[in-house]
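A structural walkthrough
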Amino acid sequence: MRHGKRAFALYEVLLGLAIFITGVLVLGRSVENCLNASNLSSEEDRVRQILSNRMAEIQATPGIPDKTKETKIDTGFGEMKLIQRCGPAGLKDEKDLEMGGIYVVYLSVEWTRGGQSQSKKIEFYVYRLG
């Protein structure tokens, strides 16, 4: 009878240990997912900041923006490539006349994350007197 109770207690300890280990593994996986999400969020913030800074620079600089321009940016977490394209917007007024002095600017940032190419793009208009 005593051996049966001791064996039962051993099974209880093993079952409790198995439940504890499962909980620790699940908690570790959750922490890993949180860290990955945080890294992705900070990477997206960097990309948005790069695009925002370049857009503000173009808007503040007088004259027509460069037609094409590529810039490599070292963020400290990897290299990103900023690509700028610009051309006439080709907008027309109600009389079907082309409106001059309005340019459309396309900005895109390209980078690699985990061996996969990533990119984010924006486009906006600027008005310049020719």
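Residues numbered from 1 in each chain as written. Predicted model: local features only at pLDDT ≥ 70, side-chain atom pairs only at ≥ 80, totals over all residues. Heavy atoms only, no water.

In this section: the packing of aromatic side chains. Following the criterion strictly, the structure yields zero aromatic pairs and no others. A cation over an aromatic ring shows up here: Arg 85 above the ring of Tyr 106, its NZ or CZ 4.8 Å from the ring centre. (Phe/Tyr/Trp six-rings, centres within 6.5 Å; stacked < 30°, edge-to-face > 60°. Lys NZ or Arg CZ within 6 Å of the ring centre and 35° of its normal.)

Moving on, we get to the environment of Val 47. Summarising the element assignment, Val 47 is placed in helix H1 (residues 2-60). Given the relative accessible area of 0%, Val 47 is considered buried. Remark: the alpha-carbon pair of Val 47 and Ser 119, spanning 72 residues in sequence, is separated by 9.0 Å. Sequence-distant contacts of Val 47, defined by excluding residues within four places in its chain, comprise Met 80, Val 109, Trp 111 and Lys 120. (Helix = DSSP H or I, 4+ residues; strand = E, 2+ residues; numbered from the N terminus. Buried < 20%, exposed > 50% of the residue type's maximum accessible area, 1.4 Å probe, protein only. Contact = heavy atoms within 4.5 Å.)

A positive phi angle, near 65°, is found at Asp 96, a position not held by glycine. Looking at the secondary structure, you find Asp 96 in the loop between strand S2 (79-88) and strand S3 (102-113).

So, on to the nonpolar core. Proteins that are soluble and globular tend to have nonpolar side chains buried together. Residues Val 105 and Val 109 are the most contacted members of the largest nonpolar core, which totals 14 residues. For this core, the elements supplying multiple residues, two or more each, are H1, S2, S3 and strand S4 (116-127). Counting residues per element, this core draws most heavily on S3, at five residues. Not counting residues within four places of it along the chain, the set of residues in contact with Val 105 comprises Ile 58, Pro 65, Gln 84, Arg 85, Cys 86, Ile 122, Glu 123, Phe 124 and Val 126. (Core = buried A, V, L, I, M, F, W, Y, C linked by side-chain atoms within 4.5 Å.)

Here the idea is simple: oppositely charged side chains can pair when their charged atoms come close. This structure, assessed with the given rule, holds seven salt bridges. Glu 32 is the partner of Arg 29 in a salt bridge, and the nearest nitrogen-oxygen pair spans 3.7 Å. Placement of both Arg 29 and Glu 32 in helix H1 is noted, with a separation of three residues, approximately one turn of the helix. In this structure Arg 29 comes out as exposed when scored by relative accessible area, which is 52%. Of the charged contacts in the structure, one is a salt bridge between Glu 110 and Lys 81, with a shortest N-O distance of 3.9 Å. Of this pair, Glu 110 sits in strand S3 while Lys 81 sits in strand S2; the two residues are 29 residues apart in sequence, bridging distant segments of the chain. The network of salt bridges with shared partners includes Glu 43, Glu 44, Arg 113 and Lys 120. (Salt bridge = Lys/Arg side-chain N within 4 Å of Asp/Glu carboxyl O.)

Inspection of the secondary structure assignment puts Gln 84 in strand S2. A polar atom in the side chain of Gln 84 sits 2.5 Å from the side chain of Arg 54. The contact partners of Gln 84, leaving out residues within four places of it in the chain, are Arg 54, Ile 58, Pro 65, Asp 66, Lys 67, Thr 68, Lys 69, Val 105, Tyr 106 and Leu 107. (Polar contact = N/O pair within 3.5 Å; in protein donor to acceptor, adjacent residues only side chain to side chain.)

This brings us to the sheet that holds S4. Overall, antiparallel pairing links the four strands, which are arranged S1-S2-S3-S4 in an open sheet. Of all the strands in the sheet, just strand S1 (68-74) and S4 have a single pairing partner and so form its edges. Strand-to-strand twist of the sheet, defined as the mean angle between neighbouring strand axes without regard to direction, takes the value 15°. Judged from the twelve bridges that link them, S3 and S4 form a sheet pairing that is antiparallel. (Pairing = 2+ DSSP bridges. Axes fitted to C-alpha atoms, helices over the stretch in contact; angles between N-to-C directions.)

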